[in-house]
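Chain by chain, the residues:
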Amino acid sequence: MIRWTLVLLFAVQLHAEMINFPEFIELQAGDYYELICQSDEGVKGRIVKDEDLDENELLTESYRYAKGKTGTFLIGEKIANANKKEHEGMYTCIVFHGSRDGKLIIPSYSTAQCLVIVADSLNPTSTSREPVNPPTPTATESFEPPTPTAIDSVEPSTPSPQDPLEPSTPTPTEAEGPDEVTMGASHVCSVFPGGVIESFDGIGNTYDLACTHVLAAHMVTGDDDFVPYPWFIYGTFDEHEGNVALMSMTFFVGRSAFEFQRGWLVSLEGGKKFPVKEGQNPVQIPNTPCYVMFQDKHLQLRCGYFEAYYDGIMSGHVRLISMRSSEQFEKRNGNIGLCWDAQSGWRKNWQVGRTYGECTVSLADKTCKTEEPSCVQYSRDAPFSAQGLGAWALCEAGPTQSCSEINCGDKTASAVQECALQQASRIMCSLKHSTPLSGTDDKCPADECVWKKDVLSRGCPQDSPPFRCA
């Protein structure tokens, strides 16, 4: 059963694409220009110059306009007799949004920025005086997830040839010569069998997980990493093979939602099936900047600012796309979910939606208190590129703890759990250190088709499986 749930009790900042505002303007000294900011969904707004915005103040202010009727909104900033001292700088357009068709939406605002350069008329910075206009903005609305209905089939959109998915390699912090190794790693969060989540800081935590929890989210846009839209990743958990397992991963990107389900099924809004095929180029999820493909026995997703991987049965990964780093990722305003920590106030383990009955969870320590000697196999030396970086760049905390959980006390891991764990351990390390995802796992069937058919049988029926097997 699909659970499409998004619970927000606070204002959110929406993405800058709700605003039509130039990104860059170059003027000559003495020019006259009117900087126009336009939104089809505005109530109130303003343009400020070289001002540090206080996100909390803007979120508070957005409540005042939440009941206002949204519509076309236009504001301008006149630049007369342009000069460097007075007019050059970064201009920010702030637009507050209100209700749509008489319905109250989540209090929200959007921002967009324009850099204005005033060139000395005797020494212009370029030969062109035409301003650079941004692309036509994409219409968006409040961040409300859809409710799926009957499961149908939908044709994928044409893949983008210039947006390959396999797998992205974060930009290194320094050039790699023929005999050099770039130091650093990517920030990865991994969900393992047994309710274990290794967070972006490399710490393995065992949580009481039932039904739906926030894994990772970036709610506030426009901060110093310039994410243009909010995104959320939910994980839905059940008991599978005798222990806690990841049943699905749900993605909310901007205004759209879709889901990876057990059995490698991709489900769109309204419950429509979205076919993917092994060996094909990535295909774009409709109405999103996200591309999906099936490769290396994983559904693989790339959404511009994050990547996600699901093994189709009980494990998954989230990788933040940024420069390969030598420092632990710093949690920022708007970052929530178990991939960062469990500090969720009144939400137990970042649980959302139903919290009673079969979905009841506890904050009590669920970590296995007995050691399983065989789990030492998941303790591995740090790759050379991770030397001296700290626990977040290593590849052992989550896998080792997961091994203990599925072999705790009288429990013995099933063959399916062992295969899933070994595979997840290898994939996590490959994602952290940008090595190929392909590889062999001796705890898995030698014939890949045996594993693929077994995983497929555990999910919802599909007219056409994503893989090719006899």
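Only a predicted model underlies this, so the values are computations on that prediction, with no experimental measurement involved. (Residues numbered from 1 in each chain as written. Predicted model: local features only at pLDDT ≥ 70, side-chain atom pairs only at ≥ 80, totals over all residues. Heavy atoms only, no water.)

With respect to the secondary-structure elements, Ala424 resides in helix 4 (residues 415-433). Taking the relative accessible area as the measure of exposure, Ala424 reaches 2% and is therefore buried. For the pair Ala424 and Tyr309, spaced 115 residues apart in the sequence, the C-alpha separation amounts to 9.8 Å. Here Ala424 is in contact with Phe192, Ser315 and His317, once residues within four sequence places are set aside. (Helix = DSSP H or I, 4+ residues; strand = E, 2+ residues; numbered from the N terminus. Buried < 20%, exposed > 50% of the residue type's maximum accessible area, 1.4 Å probe, protein only. Contact = heavy atoms within 4.5 Å.)

The subject of this paragraph is the sheet that holds strand 17 (residues 291-295). Note on sheets: strands pair through backbone hydrogen bonds, and any given pair is parallel or antiparallel. Overall, antiparallel pairing links the eight strands, which are arranged 10-9-8-20-19-18-17-16 in an open sheet. Looking at the sheet topology across the chains shown, the edges are occupied by strand 10 (204-206) and strand 16 (283-284). On the sheet, helix 3 (residues 397-406) packs against strand 8 (188-192), strand 9 (196-198) and strand 10 and is oriented at approximately 175° with respect to strand 9. (Pairing = 2+ DSSP bridges. Axes fitted to C-alpha atoms, helices over the stretch in contact; angles between N-to-C directions.)

This part is about the side chain of Ser256. Examined against the element boundaries, Ser256 turns out to sit in strand 14 (residues 256-261). Here Ser256 falls in the buried class, since its relative accessible area comes to 5%. At 3.1 Å, the side chain of Ser256 and the backbone oxygen of Asn287 are in polar contact. Ignoring anything within four residues of it in the chain, the contact list for Ser256 reads Phe251, Glu269, Pro286, Asn287 and Thr288. (Polar contact = N/O pair within 3.5 Å; in protein donor to acceptor, adjacent residues only side chain to side chain.)

Attention shifts here to the pairing of strand 2 (residues 24-28). Counting buried positions along strand 2 yields four of five residues, so the element is predominantly enclosed. With five bridges joining them, strand 2 and strand 7 (residues 108-119) adopt parallel strand pairing. Bridging from a neighbouring strand, Ile25 pairs with Val116 of strand 7.

A word on helix 4. If you check helix 4, its first and last C-alpha atoms are 28 Å apart, about what 19 residues at 1.5 Å a residue would give, namely 27 Å. In terms of burial, helix 4 is largely enclosed, as 17 of its 19 residues are buried. At the C-terminal side of helix 4, Ser434 shows a positive phi close to 55°. (Expected span 1.5 Å × (residues − 1).)

A separate point is the pattern of salt bridges. Opposite charge on two side chains permits pairing when their charged atoms draw close. Enumeration over the complete set of coordinates arrives at 16 salt bridges. A salt bridge links Glu61 to Arg64, with the shortest nitrogen-to-oxygen separation between them at 3.6 Å. The class for Glu61 is buried, based on a relative accessible area of 12%. Under the relative-accessibility criterion, Arg64 is labelled exposed at 60%. Here the residues in one salt-bridge network are Arg46, Glu61 and Arg64, joined through shared partners. (Salt bridge = Lys/Arg side-chain N within 4 Å of Asp/Glu carboxyl O.)

So, on to the state of the cysteines. For the coordinates displayed, the defined rule picks out nine disulfides. Disulfide pairing places Cys375 opposite Cys403 at an S-S distance of 2.1 Å. Across the disulfide from Cys375 to Cys403, rotation about the S-S bond amounts to roughly -85°, and the bridge is consequently left-handed. Of this pair, Cys375 sits in the loop between strand 22 (351-352) and helix 3 while Cys403 is found in helix 3, placing the two residues 28 residues apart along the sequence. Both residues of the pair, Cys375 and Cys403, belong to the buried class. Each sulfur in the disulfide pair Cys449 and Cys469 lies 2.0 Å from the other. In this structure, the disulfide formed by Cys449 and Cys469 twists by about -90° around the S-S bond and is classed as left-handed. Residue Cys449 is located in helix 5 (residues 448-457), and its partner Cys469 is located in the segment after helix 5; the two are separated by 20 residues in the primary sequence. A residue is classified by how much of its surface remains accessible, and Cys469, at 25% relative accessible area, is partly exposed. (Disulfide = S-S within 2.5 Å.)

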